[in-house]
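A closer look at the structure
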Amino acid sequence: MLMAIYGWESPKQAALYTKKARRRKLAKAGMLFLDLGDLDGIEDLDIEEDEGDEA
């Protein structure tokens with residue numbers, strides 16, 4: 001059905017879309033379980049962003 005709506009010619013396009021949408025949905029739901037009570041020193045962490053995973 002997504003292929004018809006968006007005009008995709010390959011099932012791989014629909015699979016990629018649904019995989020990314022599912023990942024975003026799970027990430028949003030998981031935010032409820034994070035404890036952000038102690039963020040002292042968070043600026044000092046050396047965290048690199050993954051540029052290959054664009055949503």
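Refer to the structure printed above.
Now for a look at the structure at hand. Source: prediction; values computed, not measured.

1. So, a negative patch on the surface
On the surface, Asp35, Asp38, Asp40, Glu43 and Asp44 cluster together into a negatively charged patch. Take Asp35: it is sitting in the segment after helix 2 (11-30).

2. Observations concerning the packing of aromatic side chains
Within the structure shown, the criterion is met by three aromatic pairs. Ring geometry for Tyr6 and Trp8: centres 4.8 Å apart, planes at 20°, overall stacked. Look at Tyr6 and Tyr17: their rings are 5.7 Å apart centre to centre, the planes differ by 45°, and that puts the pair in the tilted class. Placement of the pair is Tyr6 in helix 1 (residues 2-6) and Tyr17 in helix 2, with a sequence separation of 11 residues.

3. Remarks on a nonpolar patch on the surface
The grouping of Met1, Ile5, Tyr6 and Tyr17 at the surface amounts to a nonpolar patch, some 500 Å² of accessible area in total. Position of Ile5 among the secondary structure elements: in helix 1.

Conventions and cut-offs
Residues numbered from 1 in each chain as written. Predicted model: local features only at pLDDT ≥ 70, side-chain atom pairs only at ≥ 80, totals over all residues. Heavy atoms only, no water. Patch = residues over 30% accessible without salt bridge, like charges linked within 9 Å, V, L, I, M, F, W, Y side chains within 5 Å. Areas by Shrake-Rupley, 256 points an atom, 1.4 Å probe, with all protein chains shown as cover. Salt bridge = Lys/Arg side-chain N within 4 Å of Asp/Glu carboxyl O. Lys, Arg positive; Asp, Glu negative; His and termini not counted. Charge placed at Lys NZ, Arg CZ, Asp CG, Glu CD. Helix = DSSP H or I, 4+ residues; strand = E, 2+ residues; numbered from the N terminus. Phe/Tyr/Trp six-rings, centres within 6.5 Å; stacked < 30°, edge-to-face > 60°.

Everything listed here is a matter of geometry and, on its own, says nothing about what the molecule does.
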